[in-house]
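Structure assessment
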Amino acid sequence: PGKAKWLLLSQLFQPLNLQAVGAVGAGEPSCRSQRLMLQGGLIHPAGPGCYHYLPPTLRAMEKLVRVMDEEMQALGGQKLSMPSLCSAELWRASGRWEQMGPELFRLQDRHGKGYCLGPTHEEAVTQLVAAHSSLSYKQLPLRLYQVTRKFRDEPKPRFGLLRSREFYMKDMYTFDVSAEAAQQSYDLVCAAYRRLFHRLGLPFVTVRAATGSIGGTVSHEFQLPADIGEDRLVLCPDGHFAANVETLNGEQKSCPTCGEKLTRTRGIEVGHTFYLGTKYSSVCNAVFYSPENKPQLAEMGCYGLGVSRILAASIEVLSTEDSIRWPSLIAPYQLCFIPPKRGSKEEEEEGAALLEQLYDHLAEALPHLASDSVLDDRTHLTIGKRRKDAEKLGYPYVVIAGKRVCEDPPVFEVWHQNAGQVLFLTKEGVIELLSKVQVP
């Protein structure tokens, strides 16, 4: 209770190493997002392919999950949470215990019972729905999803959060009465994924993909084109055709629709959708009762979004070599305030107090932004040095009490980072500019 207060940068647990150049770890291949996240104190290595997510990163991730929740709930998604420990018995029944090979983290409990750490949850969710033995067609479609940690024993974890052994994923599983209804669910979820990436301002492409160990008959990937991407893609320049090369028979050079020469690029996979049919419902006997009261196997689809991977991939594709650029919707903090340097003319003329008044005004007019603000209280450093650090950390807006704060009325310097603009605004002008900012 009481007045909102900005967070002091000096108290934020974000160990900055902004002067560091180059090395990520001995012999480890690195990429821009990994380097920037390590330098900006956003992640800290805990072991091969495992990272601590520091407070700003967790804030960004929680915002991203809120945007995902909005999109999933808009199409009737219901959120649940399933155990990370999955029964080996169940995985053997679906055939994936052998099929997944060494990428599956396997363990035994004290009674000798086998488990794996779930890389995905098709078996678990199908068993859960099958346990609901009196499911009626009236209760379908069922669209269940979760956001959890997933595990994969990567042979060569690399590129920070882009290819790690422990990661966060949003996975949805749909159960429908027929193949046509399941296709409708598939189209709805794909449309929600496209909407999500548009809202984040990410330059994605949807490509035809292989179904791999998850199975099913139709599959698409959502890819962010990037040089360090591990997937090779072919694209029609006019947008008629896009595929992961692993789905092509032989060397396909031209678009099957318009005949144009296909371009090649690399991509980071950030989402994947599968139409599964009855592959899992037949194994677990996940049935519903038809209008004639006959048991029928549910038609399924599964859908994944890499939560932690989207964070890193968005930094990878939006940032410059030395400065982070977040999708503005999910930046950990929207605002950084920079008061005058200690002992400067601006400080003597009440610059810090004027900045505080501006913050109080903001807290009243736009309370959601007050708690999304950081004050860079390292006043022993020049304004220029702190502004440069704020640019490297990617705050969408930086508000500075600079030379013109002594004018009447006071004028603040506002850097709108993602637009590359510098504006000089009064208190009212700052509030008006920030009133358009969205925080999920």
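A quick note: this is a predicted structure, and the numbers were derived from the prediction, not measured.

1. Notes on the sheet that holds strand 19 (residues 373-375)
As summarised here, the arrangement of the 6 strands in space is 1-19-18-20-21-22, forming an open sheet in which the pairing is mixed. Whereas interior strands pair on both sides, the edge strands pair on one side only; in this sheet they are strand 1 (7-8) and strand 22 (421-425). With 2 bridges connecting them, strand 1 and strand 19 associate as parallel partners. When the bridges of strand 19 are listed, Leu8 appears paired with Leu375. In the packing of helix 10 (residues 351-365) onto the sheet, the strands contacted are strand 18 (335-338), strand 19, strand 20 (397-400) and strand 21 (412-416), and the crossing angle to strand 18 comes to about 155°. Running over the sheet, helix 12 (residues 383-393) touches strand 18, strand 20 and strand 21 and is turned about 170° from strand 18.

2. Topic: unusual backbone geometry
With omega at 5°, the peptide bond leading from Leu140 into Pro141 counts as cis. Between Asp408 and Pro409 the backbone carries a cis peptide bond, its omega angle lying at 0°. Of note, Pro409 is situated in the loop between strand 20 and strand 21. For Phe159, which is not glycine, the phi dihedral falls at a positive 60°. Take Phe159: it is sitting in the loop between strand 8 (142-151) and strand 9 (166-176). For Phe159, a relative accessible area of 11% corresponds to the buried category. Positive phi is not limited to glycine here, since Asn285 has a value of about 55°.

3. Description of the packing of helix 2 (residues 55-74) against helix 8 (residues 307-318)
Any two packed helices are characterised by how steeply their axes cross, that is the angle between the axes, and by the distance between the axes. Where helix 2 meets helix 8, the closest approach of the two axes is 10 Å, and the angle between their N-to-C directions is 115°. In terms of axis orientation, helix 2 runs roughly perpendicular to helix 8. Considering the relative orientation of helix 2 and helix 8, their crossing is right-handed. Side by side, helix 2 and helix 8 meet where Thr57, Ala60, Met61, Leu64, Val65 and Met68 of the first sit next to Val307, Ile310 and Leu311 of the second.

4. Focus on the packing of helix 1 (residues 32-39) against helix 8
At a minimum axis distance of 8 Å, the contact between helix 1 and helix 8 shows a crossing angle of 105°. When the interaxial angle is binned, helix 1 and helix 8 end up roughly perpendicular. Across the interface between the two elements, Arg32, Ser33, Leu36 and Met37 from helix 1 touch Ala312, Ile315 and Glu316 from helix 8. Here the contact of helix 1 with helix 8 is built from residues that sort into 4 nonpolar, 1 polar and 2 charged.

5. Description of the nonpolar core
By size, the foremost hydrophobic cluster in this structure holds 51 residues, and its most contacted members are Leu64, Tyr193, Phe197, Leu200, Val270, Ile310 and Trp326. For Leu200, the contacting residues outside a window of four places in its chain are Leu64, Ile310, Pro327, Leu329 and Ile330.

6. Points about the pairing of strand 22
Where strand 21 lies against strand 22, 5 bridges are found, and the strand directions are antiparallel. Paired with Glu413 across the strands is Phe424, a residue of strand 22. In textbook terms, the turn of a hairpin is the stretch between consecutive antiparallel strands, and for strand 21 and strand 22 this stretch comprises 4 residues, one of which, Gly420, has a positive phi near 65°.

7. Here's the deal with the pattern of salt bridges
Here the structure, examined in full by the defined rule, presents 26 salt bridges. A salt bridge links Arg378 to Asp389; its shortest N-O distance comes to 3.0 Å. One end of the pair, Arg378, is in the loop between strand 19 and helix 12; the other, Asp389, is in helix 12, and 11 residues separate them in sequence. Owing to a relative accessible area of 17%, Arg378 belongs among the buried residues under this scheme.

What counts and what doesn't
- Residues numbered from 1 in each chain as written.
- Predicted model: local features only at pLDDT ≥ 70, side-chain atom pairs only at ≥ 80, totals over all residues.
- Heavy atoms only, no water.
- Pairing = 2+ DSSP bridges.
- Helix = DSSP H or I, 4+ residues; strand = E, 2+ residues; numbered from the N terminus.
- Contact = heavy atoms within 4.5 Å.
- Axes fitted to C-alpha atoms, helices over the stretch in contact; angles between N-to-C directions.
- Buried < 20%, exposed > 50% of the residue type's maximum accessible area, 1.4 Å probe, protein only.
- Parallel < 35°, antiparallel > 145°, perpendicular 65-115°, else oblique.
- Left-handed = near helix turned anticlockwise from the far one by under 90°.
- Nonpolar A, V, L, I, M, F, W, Y, C, P; charged D, E, K, R; others polar.
- Core = buried A, V, L, I, M, F, W, Y, C linked by side-chain atoms within 4.5 Å.
- Salt bridge = Lys/Arg side-chain N within 4 Å of Asp/Glu carboxyl O.

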